[in-house]
Protein chains: 2
Amino acid sequence: MRRVAICGRSLCKVGNYYSKSLRELFAGVALDAIENAGNPHLDAMYIGNMSASEYFSQKNIGVLLSDSIGLKSTPCVLVECADGSGGAALYEGFKSVASGLYDFVIVVGVEKMSEATRGENRRIGSMAVEQEYEAFHGLSLDGEFAIIMRYYMHYYNVSKRYFALFAVQMHKHAAKNRYAQLPFEISVEDALNMQTVADPLTLFDTAPTGDGAAAVILCPLEKAKEFTDTPIEIVGAGQARDTLALYDRKNILTFDGTSKASKIALEHSKLKISDINLFEIHDSYTISGFLALEDLGLIERGKVGQAVEEGLIDLNGPIPTNLSGGLKARGHPMGATGVYQAVEATLQLRGEAGKNQADPAEVALIQNAAGIGSLVTVHILKRV
Amino acid sequence: MRRVAICGRSLCKVGNYYSKSLRELFAGVALDAIENAGNPHLDAMYIGNMSASEYFSQKNIGVLLSDSIGLKSTPCVLVECADGSGGAALYEGFKSVASGLYDFVIVVGVEKMSEATRGENRRIGSMAVEQEYEAFHGLSLDGEFAIIMRYYMHYYNVSKRYFALFAVQMHKHAAKNRYAQLPFEISVEDALNMQTVADPLTLFDTAPTGDGAAAVILCPLEKAKEFTDTPIEIVGAGQARDTLALYDRKNILTFDGTSKASKIALEHSKLKISDINLFEIHDSYTISGFLALEDLGLIERGKVGQAVEEGLIDLNGPIPTNLSGGLKARGHPMGATGVYQAVEATLQLRGEAGKNQADPAEVALIQNAAGIGSLVTVHILKRV
């Protein structure tokens, strides 16, 4: 297998682009990433998208999107794994270059959610839930995470305040990220006093919906230096799964996919988790942020709240996490999120992260999950 | 690149399985194909499916389906290119083995359409049409093919009778195929007297909707012989595109994707079109069958009707085509169709095609298209 590098990247601020179509959002970042990579000839395109078929009744968006940037003969693969689509598309793109199949590929995550009402967005998000049994009995994605959060609070005897602290921390990071959807700080009281979504989840325990697009260009490491002075190598990649249904799990306080995928990625990279300088994790809900930090082995089980309060995941803490603001405050354009994480890690490792620049920033880990962690992708990125 | 073979296959009769779920349909053929291949360890799964999200509100079906057969750690990629999904999934699976990334992969096409009404199925099928301009102005998939058929009739001065003859031929083949959805013969009068769907298309110019699943197992050719006495090599593979929108085309009487993809596949195989013994083509409408035969260079433009009348594409003719009955009469379970074609070609090349066995059957070509040919995949299969 060949070594693979990121040689170009682009992203747009997550938001509500009422006057832009899916293809415009896509074309903006795709063309910018291609330019950022020094205009290589692209051999293939991997698209992470969850729900263009729901928002626009459009199938076959690979052709739609590649038409939009004039790539009329480039193979295009649409990867759909709910809100884990972006990371999964990155994983497919990575393998296609590592195996020697392609030299230059573009991986784009794109989602346009502002067409729909908030209720409609919640319904579409819940299509990640197992339908025949769980959704059939009325469970939504919010409902499943509410069950997990409730059980976590009971099992570890922790209060909602700790979850609010996590949201506060995410907003603190987002306030300095010009690409964040919610770039403002909030207080613990703000978070605690928000309306209930599904008890005990309040609005600030959930990630906002929004439009977004992000792209990276991948190529063999040895070719990357012809195109960029700051190639970022993907030194580890892992994907792992859990059951789609919550009822099939032995323990709902851990997402096996995260621990397994990170183990694979770390072994691949020959690094230890303690070698990683910064993290972008999948906090689609505050509770999924908690579980990710625990499943990655970064914080003791049941202790994430205290760790956040002590500043451990802050920019200036020992394990800077979600310097972008995370899904909670950078925003969660579902199928695009995993590629956002890759771009954000790349910006950090290139020293281009602006006010949220971590130091040191040599190695980053990104974790993207589908639904209730049914499919998790972990990548480890390293400055060359 | 390594040589790739099919070492196992399975399919079920296309039909309306009201009492079977998507995962049951899938699991039936997936487990049967694995057994048919001698129970290899699978490294990855490629799924062709167009519309589980519409029929079942279920995203992330890769996890759902692999859960259903106990493959809880196997990477699974969902490939969606409208009704070209099956062929596109086969193409991705082929590349993954050819490149050395994986040794054994399963490619499954699956679609369950019987949950919906006929009208709903037509709406879902039309999601393959470009939405922002063409669907917005009222065009359905039927409507687009009606335009193409009307123009074909005008341009070449041919009557509807020739299209009816094509449908008759498809049903003649299907009558002897135990996996066909409509295994009965029809007369030219039957076809001509059917209700109009979108003038000049009548019901028998269109393919029926139905449930279906088909699977093949791919592996490196050198390993295939450990698992089967009758490996079928994929000697050529090509994918090519056209614009998503009809209004973007220079000429609507040819699908560029078909001619380009077959050129790529033929060059790859070092064969000429005249070396091919039998064909499975994408006749989602009689007119798309006409265009496929012309774009593959098998029949002179404008002359398909006469060729069919003269028996050219019959089992006993010089270019036996759609011995399965084609999409018209074997049935068209959208995202599954491309994999059906691969299984049907494999059965022919193995001499297992029963009453429709072609002779000689050394080399077969299969062509699967998305929507109005916006993405076309061509594979050439050869007995080893």
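Refer to the structure above for everything that follows.
Quick caveat: nothing in here was measured; it's all calculated off a predicted structure.

Turning to the environment of Asp359(A), a few remarks are in order. Residues and elements named next belong to chain A. Position of Asp359 among the secondary structure elements: in the loop between helix H15 (337–349) and strand S10 (363–370). Among the residues examined, Asp359 registers 13 C-beta atoms within 10 Å and is labelled partly exposed. Separated by 81 residues in the primary sequence, Asp359 and Leu278 have C-alpha atoms spaced 9.2 Å apart.

Okay, the interface of chain B and chain A next. The partner chain A presents 42 residues to the 42 residues of chain B that form the contact. When contributions to the side of chain B that touches chain A are tallied by element, the ones reaching two or more residues are helix H2 (52–56), helix H3 (61–68), strand S3 (76–79), helix H4 (85–98), helix H6 (131–135) and strand S8 (232–241) of chain B. Looking at the side of chain B that touches chain A, its residues break down into 18 nonpolar, 14 polar and 10 charged.

Turning our attention to the relation of the copies chain B and chain A. For the pair of chain copies, the relating transformation is a rotation about an axis with a translation along it. Superposition of chain B onto chain A requires a rotation of 180° combined with a translation of 0.0 Å along the rotation axis, giving an RMSD of 0.0 Å. Interpreted geometrically, this transformation is the action of a two-fold axis. Looking at the rotation axis and the C-alpha trace of chain B, the residue lying nearest is Ser99(B), at 2.9 Å. Both copies share a contact surface, since 100% of the interface residues of chain B are interface residues in chain A too.

This part takes up the sheet that holds strand S9 (residues 278–280) of chain B. All names here are of chain B. Read across the sheet, nine strands follow the order S3-S2-S4-S7-S1-S8-S11-S10-S9 without closing on themselves; strand pairing throughout is mixed. The open sheet is flanked by S3 and S9, the only strands paired with a single partner. Pairs of neighbouring strands in the sheet enclose a mean axial angle of 25°, with direction left out of account. Pairing analysis gives three bridges linking strand S1 (residues 4–11) to S8, with the strands arranged antiparallel. Residue pairing for S8: Ala5 is matched across the bridge by Glu233. Those strands touched by H3 are strand S2 (44–48) and S3, and its axis lies near 130° from that of S3.

In this section: the sheet that holds strand S7 (residues 212–220) of chain A. All names here are of chain A. If you trace the nine strands from one edge of the open sheet to the other, you get S3-S2-S4-S7-S1-S8-S11-S10-S9, paired in mixed fashion. Sheet topology places strand S3 (76–79) and strand S9 (278–280) at the edges, where each strand pairs with a single neighbour. Here the strands of the sheet are splayed against their neighbours by 25° on average, with no regard to which way each runs.

We now examine the environment of Ala135(A). Here Ala135(A) shows up in helix H6 (residues 131–135). Judged by local crowding, Ala135(A) falls into the buried class, with 22 C-beta atoms found within 10 Å. Separated by 110 residues in the primary sequence, Ala135(A) and Ala245(A) place their C-alpha atoms 9.8 Å from one another. Once residues within four sequence positions are removed from consideration, Ala135(A) is found in contact with Ser126(A), Val129(A), Glu130(A) and Ser57(B).

Glancing now at the pairing of S10(A). Residues and elements named next belong to chain A. Most of S10 sits out of view: eight of its eight residues are buried. Where S9 and S10 come together, three bridges link them in parallel fashion. For Leu278, the partnering residue across the bridge sits in S10 and is Ala364. Linking S10 back to strand S11 (residues 375–383) in an antiparallel pair, the connection comprises four residues, with Gly371 at a positive phi of about 50°.

This paragraph deals with the pairing of S8(B). All names here are of chain B. For S8, a buried count of nine out of 10 residues is recorded, marking the element as mostly surrounded by other parts of the structure. The pairing of S8 with strand S11 (residues 375–383) spans nine bridges and is antiparallel. Residue pairing across strands places Ala240 opposite Val376, the latter belonging to S11.

Each value, and the rule that gives it
- Residues numbered from 1 in each chain as written.
- Chains lettered and ligands numbered in written order.
- Predicted model: local features only at pLDDT ≥ 70, side-chain atom pairs only at ≥ 80, totals over all residues.
- Helix = DSSP H or I, 4+ residues; strand = E, 2+ residues; numbered from the N terminus.
- Buried ≥ 20, exposed ≤ 12 C-beta atoms within 10 Å, placed from the backbone.
- Contact = placed C-beta atoms within 7 Å.
- Nonpolar A, V, L, I, M, F, W, Y, C, P; charged D, E, K, R; others polar.
- Least-squares fit on C-alpha atoms with pLDDT ≥ 70 in both.
- Pairing = 2+ DSSP bridges.
- Axes fitted to C-alpha atoms, helices over the stretch in contact; angles between N-to-C directions.

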